[in-house]
Amino acid sequence: MSAPTYYVTTPIYYVNDAPHIGHAYTTLACDVLARFKRLDGFDVKFLTGTDEHGQKVEKSAQAAGTDPQAFTDRVSQNFRDLADFMNFSHDDFIRTTEQRHKISVQDLWKKLLAAGEIYEGSYAGWYATRDEAFYTESELEKKPDGTRIAKASGAEVEWVEEPSFFFKLSAWQDRLLAYYDANPDFILPKTRRNEVISFVKGGLQDLSVSRTTFKWGVPVPDNDDHIMYVWLDALTNYITAVGYPETENGEYATYWPADVHMVGKDILRFHAVYWPAFLMAAGLEAPKRVFAHGWWTNEGQKISKSLGNVIDPIQLVETYGLDQVRYFLLREVPFGNDGDFSHSAMVNRMNGELANDFGNLAQRVLSMVFKNCDKAFPAHGEFTAEDNELLEAVHGLIDDLRASIDLQAFNEALEKIWVVIRAANAYVDHQAPWALRKTDPDRMKTVLYVLSESIRHLAIVAQPFMPQTMEKLLDQLKVSPNHRTFAFLGPEHALEAGVELDKPQGIFPRFVDPEADNA
Ligand code: MSP
């Protein structure tokens, strides 16, 4: 039987900006899903990439004094570099300026046109280049100087009048509502789902899907005056990457519909309203889920270039460590909520949960095995009720984690792992294996066996979140690299007695304030 498939995507990032914490965050969440599913035996496709067309990018290229293609070639690379730096495990990186994508978007356009879903007209209304979005008067706020901004994003809008093709979005209201109804988990979290439903219930207007006043985009087939609206172009990346327009064979047949499109809350409407409508109108299946995560603030302040408080993920990692940052971002707030990044919160988690809870557990136990069991994993005797209690918690963990991960509840998954870490630490204190060394060495061995097995399980299930550190820990446990998937959880694959250890090394350093050092 072939493995079940899992297709997860990040938004494709606008290349006008330098990569920042928001980009790292969205892709991190997808990376954890992809790694988790691979370890769980799924055939995974994990896609990320860059969104390179549209007025915003064209303007940025002009400002940089280069032509848009040269500009996007250069800045797209920054996003690839960030992905490598963050140890993201994407299988494909798509750029909307690639030929495979042009073919795909033009084909989708032709299908929509043939189905009577696109018609020619002219647009007169408000447009925000920063959001690459059209707004109705009621979505705007008029400022004292007469300019208008979009209430939702604060982006300035300008009046646009030009010939345009329209997508008949207004005809999709009932079918979209029926889709949300039949697929209650299509939009998560639930609060966001409710927002989308009330937006759609409020009525949908036809959507302008082409522009004539600038050139940087995919040409509308057989009509050189128009280029496609950048969101129609961008959203289509998700099917381009699985080989669309080929739908019968190959990756489309294998992976589509996508399991999760991960997006920030600001771009939910495009993914949960426009995208399923485009797809259904072209006779294609809609994705299974769109998850909208929240936004980060910095020490309580909204992040913005003008405030100069943009968080650079590279600097963050250089200060605190890669896996520490990965852990923090997914642990600090329930996924879906907004979160605040602060130095003190970061250090508290780094020193408390990572160094003290997990790091010390591993270090204490492995050092005792190394010192007191001839540097080798001990054999166990009969288990007591307390041994069994910890082992059962450890063995049952994966099923609990699957449930959380399938709802993108990362902080809940981490909390479940920490419940077991804390139980293991309490067990060490209570069993006091150091005291058993003289009084009952056989019992000491059983205790250290139970703990080592617990650590093996914890290390395996924590790999998606902290891959490098868990690799080091599994190396120290002498777990062979091909015995690290979830198929090797459980007592049948337990550590073998007699396998020799190296001298244990700490895995989670404490954060030491450089200024405190000088004091
Ligand atoms: N190009 C579009 C997406 C097209 S997908 C078919 C786009 N690009 S973006 O570069 O602006 O995307 C940024 C992503 O980062 C979004 O998911 C957004 O929510 C996220 N973030 C930007 N700032 C953020 C924070 N301060 N915090 C968390 N995420 C934020 O939109």
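Residues numbered from 1 in each chain as written. Predicted model: local features only at pLDDT ≥ 70, side-chain atom pairs only at ≥ 80, totals over all residues. Heavy atoms only, no water.

> Break down the overall build of the protein for me, with residues and values.
Across its full length, the protein holds 19 helices and 19 strands. Whereas a compact globule of 519 residues would reach a radius of gyration of roughly 24 Å, the protein reaches 26 Å, a difference of no more than 12%. Principal-axis analysis of the C-alpha atoms places the extent of the protein at approximately 90 × 60 × 40 Å. Here the protein holds 519 residues, and the buried ones make up 57% of them. For the protein, the share of sequence-separated contacts (at least 6 apart) that also reach a separation of at least 24 residues comes to 76%. For the protein, the accessible surface area stands at approximately 21800 Å², while carbon and sulfur atoms represent 49% of it. Mean positive and mean negative side-chain charge positions of the protein (51 and 75 charges, respectively) differ by 2 Å. (Helix = DSSP H or I, 4+ residues; strand = E, 2+ residues; numbered from the N terminus. Rg over C-alpha atoms; globule rule 2.2 N^0.38 Å. Buried < 20%, exposed > 50% of the residue type's maximum accessible area, 1.4 Å probe, protein only. Contact = heavy atoms within 4.5 Å. Areas by Shrake-Rupley, 256 points an atom, 1.4 Å probe, with all protein chains shown as cover. Lys, Arg positive; Asp, Glu negative; His and termini not counted. Charge placed at Lys NZ, Arg CZ, Asp CG, Glu CD.)

> I'd like to hear about the site of the ligand, residue by residue, with values.
Lining the immediate environment of the ligand, one finds 22 residues, of which Ile-12, Asp-51, Gly-264, Asp-266 and Trp-296 sit closest. For the ligand, a nitrogen atom lies 2.7 Å from a polar atom in the side chain of Asp-51. In the model, an oxygen atom of the ligand is placed 3.2 Å from a nitrogen or oxygen of the Trp-295 side chain. Protein chains bury 94% of the 670 Å² of accessible surface belonging to the ligand in isolation. Mapped by element, the contributors of at least two residues to the shell around the ligand are strand S2 (13-14), helix H1 (21-39), helix H7 (230-235) and helix H8 (237-240). (Near = heavy atom within 4 Å. Polar contact = N/O pair within 3.5 Å; in protein donor to acceptor, adjacent residues only side chain to side chain.)

> Outline the domain arrangement of the protein, listing residues and values.
Partitioning the protein into structural domains gives domain 1 (5-294) and domain 2 (343-493). A separation of 42 Å is found between the C-alpha centroids of domain 1 and domain 2. Facing 15 residues of domain 1, the contacting portion of domain 2 comprises 18 residues. Surface buried jointly by domain 1 and domain 2 totals about 1500 Å² across both partners, of which 68% is contributed by carbon and sulfur atoms. Its largest share of buried area at the contact with domain 2, domain 1 owes to Val-32, Phe-36 and Leu-39, together 44% of the area lost on that side. For the pair domain 1 and domain 2, the number of links is two salt bridges. Linking Asp-406 and Lys-37 is a salt bridge whose minimum nitrogen-to-oxygen distance equals 2.7 Å. (Domains from an automatic or database assignment. Buried area = accessible area lost by both parts, 1.4 Å probe. Salt bridge = Lys/Arg side-chain N within 4 Å of Asp/Glu carboxyl O.)

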